[in-house]
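Notes for the structure review
One letter stands for each residue in the lines below.
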Amino acid sequence: MKANFTIKTPIFVGSGDSYYPQDYFIEDRLYFIDRDKFTKKIIQENKFEEFLKVSSNIKKLLRFINDNFSKDIAKSEAIIEYELAVNKLINNYSKPIEAFIKDSFYFRPIIPGTTIKGAIRTALLDYLAYKNPQIIEGYRRDINKNKEQNLHTIFFCDENKSSNGQLRYDAKKDILKALFVDDFKAKSFELEILNPINRPYKKNKDNHIPTILECLVDGEFEGEIRVEKHLLENDENLRRNKFFQDEPLSTDLIKKALRHFFRKIVDIESKRFRAKTPKYQDYLIKIGKHAGAGSKSLNGLRRIYIRPLKRDFDYQLSVWIDKFENPFGWGVLKFEA
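Residues numbered from 1 in each chain as written. Predicted model: local features only at pLDDT ≥ 70, side-chain atom pairs only at ≥ 80, totals over all residues. Heavy atoms only, no water.

**Re the sheet that holds strand 10 (residues 197–200)**
- Spatially, 3 strands are ordered 11-10-16 in an open sheet, and the strand pairing comes out antiparallel. Of all the strands in the sheet, the pair left with one neighbour each is strand 11 (207–208) and strand 16 (318–321).
- Bridging between strand 10 and strand 11 involves 2 bridges; their strand directions are antiparallel. Paired with Ile197 across the bridge in strand 11 is His208. (Pairing = 2+ DSSP bridges. Helix = DSSP H or I, 4+ residues; strand = E, 2+ residues; numbered from the N terminus.)

See the structure below:
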C-alpha cells in the first residue's frame, strides 16, 4: 500500500556524518558544497595550485572558499537563522553540524523504512499489551528484567522459549518480518539548521543544547507499507501466532494500533510540557532522534533510565523543542486507498 508522510514539527534522523566549515558556505542560506563541482570550477579558473597551498590552513582555506563559491556548485541547501550562523558557526572552525540521512545519489533526505517501522512496532506492541493484560501480569517479572526484548518475544514471537523455559527472542519467528516498510523518498522538502532546546518537566528554565542539527522542517515523503501475506500463510511460526488470530497482521490493524498509541502520547506530551504539540489527527506519529523515549516505550511499562539521576522514570523528564516551542519528531502518515 502506498503511503505518504508529512512533516509537522522538526524531525532529525541522523546519518552518522557531520559537516564542518569547509563543507558548506553561508550566505542567505547554508549551501552544501559539491566538492566535484568546486574542484572543476577552480581547475577551469587555474586556481587549483592556489587551493593546494591553502588547503592545510583552515583560515586560509575558508577564505579561499568564500572568494570562489557560487550557488551553482551547491548540491543542497538549508535555511539558517542569522543569529545561529553568527553566534555558533561562523569563525567556529571545530563546530560540526550533524547531518540528516540522505540518499547517496541525489543528496536528498529520506525517511528510512526502519524508522517508520519502529514507530509501527511500538504501537502494535502497545496495542497487544492493552488487549492482553493477563499476559503482561503473568510475565511481569520477566518484563521488568528485560522489558524490551521480552515484550517482543511474547507478542511477536508467540511466547517463544528456550529449552530451559526462558523467553528467547528469535528473529525467524518474529511476525513483523512479514511487514515491509520502504524508505520514504522526498516529493518536497525543506531543511533547516537548528540548535535545539531542552525543556525540563516542572522547571521554568530551558537548556540550550550545544548540538547543531540539520533537520526536516517541512515536506512530504512517499513510500510503501505492505504485509507480505505469502509469508504469513506459508510460515507456520507466523501463521500460528495466537496474538494475531482475532485480528491478523494487516494495514487495518496497523492503523488501529497507531491511533491507539499516539493519541495517548499527544495527550501526555500536551499536558506534561509547555510545548506546541500538534493536535491529534490520523495517523500522527513521532519519529527520529530527540523525539523522546516516551514515544518509544509503553504506557504502564515504561522504565526510562535517566543517567544523571541514576533512576528509572515512567516518562521522559524533558522534551526537545525548537525556538518556536515545537517538539521534535511529529509527522502524519497517510495511507492511500
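**A closer look at the packing of aromatic side chains**
- One pass over the full model with this rule turns up 16 aromatic pairs.
- Relative to Phe69, the ring of Phe25 lies with its centre 4.5 Å away and its plane at 25°, an arrangement referred to as stacked. Residue Phe25 is located in strand 3 (residues 24–26), and its partner Phe69 is located in the loop between helix 3 (58–68) and strand 5 (74–78); the two are separated by 44 residues in the primary sequence. In this pair, the class of Phe25 matches that of Phe69, namely buried. (Phe/Tyr/Trp six-rings, centres within 6.5 Å; stacked < 30°, edge-to-face > 60°. Buried < 20%, exposed > 50% of the residue type's maximum accessible area, 1.4 Å probe, protein only.)

**With respect to the side chain of Lys286**
- Counting through the fold element by element, Lys286 comes out in strand 13 (residues 284–286).
- Taking the relative accessible area as the measure of exposure, Lys286 reaches 2% and is therefore buried.
- There is a polar contact of 2.5 Å between the side chain of Lys286 and the side chain of Glu269.
- In terms of polar contacts, Lys286 uses its side chain to reach the backbone carbonyl oxygen of Ala291, at 2.8 Å.
- Look past the residues within four positions of Lys286 in its chain and what remains in contact with it is Ala119, Phe262, Glu269, Ala291, Ser295, Val319, Phe328, Gly329 and Trp330. (Polar contact = N/O pair within 3.5 Å; in protein donor to acceptor, adjacent residues only side chain to side chain. Contact = heavy atoms within 4.5 Å.)

**Topic: the sheet that holds strand 5**
- A sheet is described by the order of its strands in space; here 3 strands give the open sequence 3-4-5, paired in antiparallel fashion. Where the open sheet ends on each side, the last strands, each with one partner, are strand 3 and strand 5. Put simply, the sheet's adjacent strands are angled 25° from each other on average, direction ignored.
- In this structure, strand 4 (residues 30–33) lies alongside strand 5, joined through 4 bridges in antiparallel fashion. Across the sheet, Tyr31 pairs through a bridge with Glu77, a residue of strand 5. (Axes fitted to C-alpha atoms, helices over the stretch in contact; angles between N-to-C directions.)

**Observations regarding the nonpolar core**
- Formed by 80 residues in total, the largest nonpolar core has its most connected members in Phe5, Phe155, Phe184, Ile225, Leu258, Phe262 and Leu333.
- In terms of residue count, the dominant contributor to this core is helix 5 (residues 113–131) (9 residues).
- In this structure, Phe25, Tyr31, Leu62 and Ile73 belong to the second largest nonpolar core, which totals 14 residues. (Core = buried A, V, L, I, M, F, W, Y, C linked by side-chain atoms within 4.5 Å.)

**Remarks on the packing of helix 1 (residues 35–44) against helix 3**
- The contact between helix 1 and helix 3 brings their axes to 12 Å, and the two run at 80°. Taken together, the axis directions place helix 1 and helix 3 in an arrangement best described as roughly perpendicular. Judged by residue contacts, Phe38, Lys41 and Ile42 of helix 1 engage Phe64, Ile65 and Asn68 from helix 3.
- Considered class by class, the residues forming the contact of helix 1 with helix 3 number 4 nonpolar, 1 polar and 1 charged. (Parallel < 35°, antiparallel > 145°, perpendicular 65-115°, else oblique. Nonpolar A, V, L, I, M, F, W, Y, C, P; charged D, E, K, R; others polar.)

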